[in-house]
Amino acid sequence: MKKQLIYFSFLLLSPSFSFAQDTLVLRDGKKMAVQVTFVGYKIFYCIPPSDQKMAIGFSKVEYIKYKDGYIYSINTRKLNENDTIPLVKLEPYLLVAAGTSNPWTFSGYGADSYYNGYDGYGYSGYALDGSDFSFTGGVNIIRGWGVIGMFSYIRNQFDASGIMNETVNNFFINDNDIISINNVDAIGNYYYTNYSLLLGINKDWLWHKRVGFGLGLLFGKFITHTPALHGTATGFAMDGNNITQTPATDYFNMNSEVQTNSVTEMNFHINAFITHHIFIRAMLEFQLTGLANSGGYQIVDIPSGNTLYSGSYMGSSYRYSGFFVGLTDVTLGVGYRF
């Protein structure tokens, strides 16, 4: 009975030990029973049952041992009794993810926009929502800072009729005095195929135990493949040098194109570690790039299949030569940390 009273008194006098969840193991060998609330530029904690927030520097801590046994290493080493420097510990990881790609309708993606003093900017927003598949490799170097490389395959369907009508009606083709096209109806469905190659830096913070969040800033190249477009055009064909015009229905074709432009990406992500090696990452990406107005086309006679006219167009002083492209990508992936 006497021993039980002693143990009970000890528990009453030591509330921090009875309620603590985590352990800070210090470099001098001491251990602190605490509840870690956040790991950022310092380690923030409280000593239960008090909820008063306190902080301690990384240089004083060897590692954090959470209640469930998970150990978070600080990755620093001691030089002497009063000095520490970071210990660079490379932690590579791989990530495979998939999700949606959402074009910014006001950015001009999916349009042969133009600009002049009378009409301003042309139409935009013919690109539709699509899919994004990405493969990411990164290396965490020190205190959440690291380098990251990403390859993305992005596919967006687009309104081909809208793009072809804009191309012929916004003074790209209809000013050739050969044929005047009133309307184009696309034959089939069409998709942009994009390849994004990025390299940059990221910073991760541990929010609580196995959950963290981070930011990334990447730069690279954005390769856009536009397929050949095929449609039926109605309009008026010139009859030689006569002023009179004859109604015509012909095929209107636009050539395929591949363009490579610079791209900048900013992303926000949340990491949830299932085990020490396997984690899930949800990511929100903003990609900023551009495209140029250029291409080749043919007007083909339907009955005979003969090419009536062919040519090319590009931006000039009154035809907007390029336009801004924006994408918002939302992906979810599974990663492995080595």
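Bear in mind that the values here come from a model prediction, so they are computed numbers and not experimental data. (Residues numbered from 1 in each chain as written. Predicted model: local features only at pLDDT ≥ 70, side-chain atom pairs only at ≥ 80, totals over all residues. Heavy atoms only, no water.)

1. Section: the overall build of the protein
Which entries qualify depends on this criterion: Think of it this way: any DSSP run of H or I at least four residues long counts as a helix, any run of E at least two long counts as a strand, and we number them from the N terminus. The contact definition used throughout considers only heavy atoms, calling two residues in contact when any of these lie within 4.5 Å. Values of accessible area rely on a 1.4 Å probe in the Shrake-Rupley scheme; residue burial ignores everything except the protein chains shown.
On a plain count of helices and strands, the protein comes out with three helices and 23 strands. Intrachain contacts of the protein at a sequence separation of at least 6 include 67% that bridge at least 24 residues. Counting every atom, the protein has about 17900 Å² of accessible surface; 61% of that belongs to carbon and sulfur.

2. Focus on the side chain of Arg281
Quick reminder of the rule: Under the scheme applied here, a residue whose accessible area is under 20% of the maximum for its type counts as buried, over 50% as exposed, and between as partly exposed, the area being computed with a 1.4 Å probe on protein chains only. Here the positive residues are Lys and Arg and the negative ones are Asp and Glu; neither His nor the chain ends is included. Counted as salt bridges are all cases of a side-chain nitrogen of Lys or Arg within 4 Å of a carboxyl oxygen of Asp or Glu. Polar contacts here mean pairs of N or O atoms no more than 3.5 Å apart (in protein, one a potential hydrogen donor and the other a potential acceptor; neighbouring residues in sequence count only if both atoms are side-chain atoms).
Assignment of secondary structure puts Arg281 in strand 20 (residues 278–292). One buried charged residue, Arg281, forms no salt bridge at all, with the nearest opposite charge on Asp204 at 4.2 Å. Side-chain polar atoms of Arg281 contact the side chain of Asn271, separated by 2.7 Å.

3. Describing the environment of Thr193
With respect to the secondary-structure elements, Thr193 resides in strand 15 (residues 190–208). A relative accessible area of 13% means that Thr193 is categorised as buried. Along the primary structure Thr193 and Pro227 are separated by 34 residues, whereas in three dimensions their C-alpha atoms are 8.4 Å apart. What Thr193 contacts, discounting residues up to four positions off in sequence, is Tyr153, Ile154, Ile223, Thr224 and His225.

4. Looking at the environment of Gly333
Its place among the elements puts Gly333 in strand 23 (residues 322–337). Considered as a pair, Gly333 and Gly99 are 234 residues apart in the sequence and their alpha carbons are 8.6 Å apart. Not counting chain neighbours up to four residues away, the residues in contact with Gly333 comprise Leu95, Val96, Ala97, Phe279, Ile280 and Arg281.

5. Quick word on unusual backbone geometry
Residue Pro49 is bonded to the preceding Pro48 through a cis peptide linkage, with omega at 5°. Relative to the helices and strands, Pro49 resides in the loop between strand 3 (43–46) and strand 4 (54–56).

6. Concerning the nonpolar core
Short version of the rule: Throughout this description, the term nonpolar core refers to a set of buried Ala, Val, Leu, Ile, Met, Phe, Trp, Tyr and Cys residues connected via side-chain atoms within 4.5 Å.
Ranked by size, the top nonpolar core spans 35 residues in total, and within it Leu229 and Phe252 carry the most contacts. Ranked by size, the runner-up nonpolar core spans 15 residues in total, among them Val39, Ile56, Phe58 and Val61.

7. Quick notes on the confidence of the model for the protein
For the record, the criterion: Residue-level confidence of the predictor, termed pLDDT, takes values from 0 up to 100.
Averaged over all residues, the pLDDT of the protein equals 79, while 75% of them reach at least 70. Of the regions scoring below 50 in pLDDT, residues 1–18 engages in eight contacts with residues more than four places distant in sequence or in other chains. Across residues 112–121, where pLDDT falls below 50, the model places 37 contacts with residues more than four positions away in sequence or in other chains.

8. Some points on the pairing of strand 1 (residues 22–26)
Formally: Any two strands with at least two DSSP-identified bridges between them are counted as paired.
By the criterion of burial, strand 1 is predominantly enclosed, with four of the five residues buried. Note that strand 1 and strand 2 (residues 31–39) share four bridges and pair antiparallel. The residue bridging Thr23 from the neighbouring strand is Ala33, located in strand 2. Taken together, strand 1 and the strand that follows it, strand 2, pair antiparallel across an intervening segment of four residues, in which Gly29 is found at a positive phi of about 95°. Taken together, the four bridges between strand 1 and strand 5 (residues 61–65) define a ladder with antiparallel strand orientation. Counted as the bridge partner of Leu24 is Ile64 from strand 5.

9. Quick word on the packing of aromatic side chains
Aromatic ring pairs are described here by two measures, namely the spacing of the ring centres and the angle between the planes. Heads up, the rule is: Here is the rule: rings of Phe, Tyr and Trp (six-membered ring for Trp) pair when centre to centre is within 6.5 Å. Planes less than 30 degrees apart are stacked, more than 60 are edge-to-face, and the remainder are tilted. Here, over-ring charges are defined by two tests on the NZ atom of lysine or the CZ atom of arginine: distance to the ring centre within 6 Å, and angle to the ring normal within 35 degrees.
Applying the stated criterion to the full structure yields 13 aromatic pairs. With a centroid separation of 6.5 Å and 25° between ring planes, the pair formed by Phe38 and Phe213 is classed as stacked. Within this pair, whereas Phe38 is found in strand 2, its partner Phe213 is found in strand 16 (residues 211–226), the two being separated by 175 residues in sequence. Accessibility expressed as a relative area gives 24% for Phe38, which makes it partly exposed. Every member of this aromatic cluster is reached through a ring pair, and the members are Phe38, Phe44, Trp205 and Phe213. Here the basic side chain of Arg155 rests over the ring of Tyr191, its NZ or CZ set 3.9 Å away from the ring centre.

10. Quick look at the environment of Pro227
When you line up the elements, Pro227 lands in the loop between strand 16 and strand 17 (229–238). Note on Pro227: relative accessible area 16%, which makes it buried. Beyond its immediate chain neighbours, meaning those up to four positions away, Pro227 contacts Phe158, Tyr190, Tyr191, Asn255 and Ser256.

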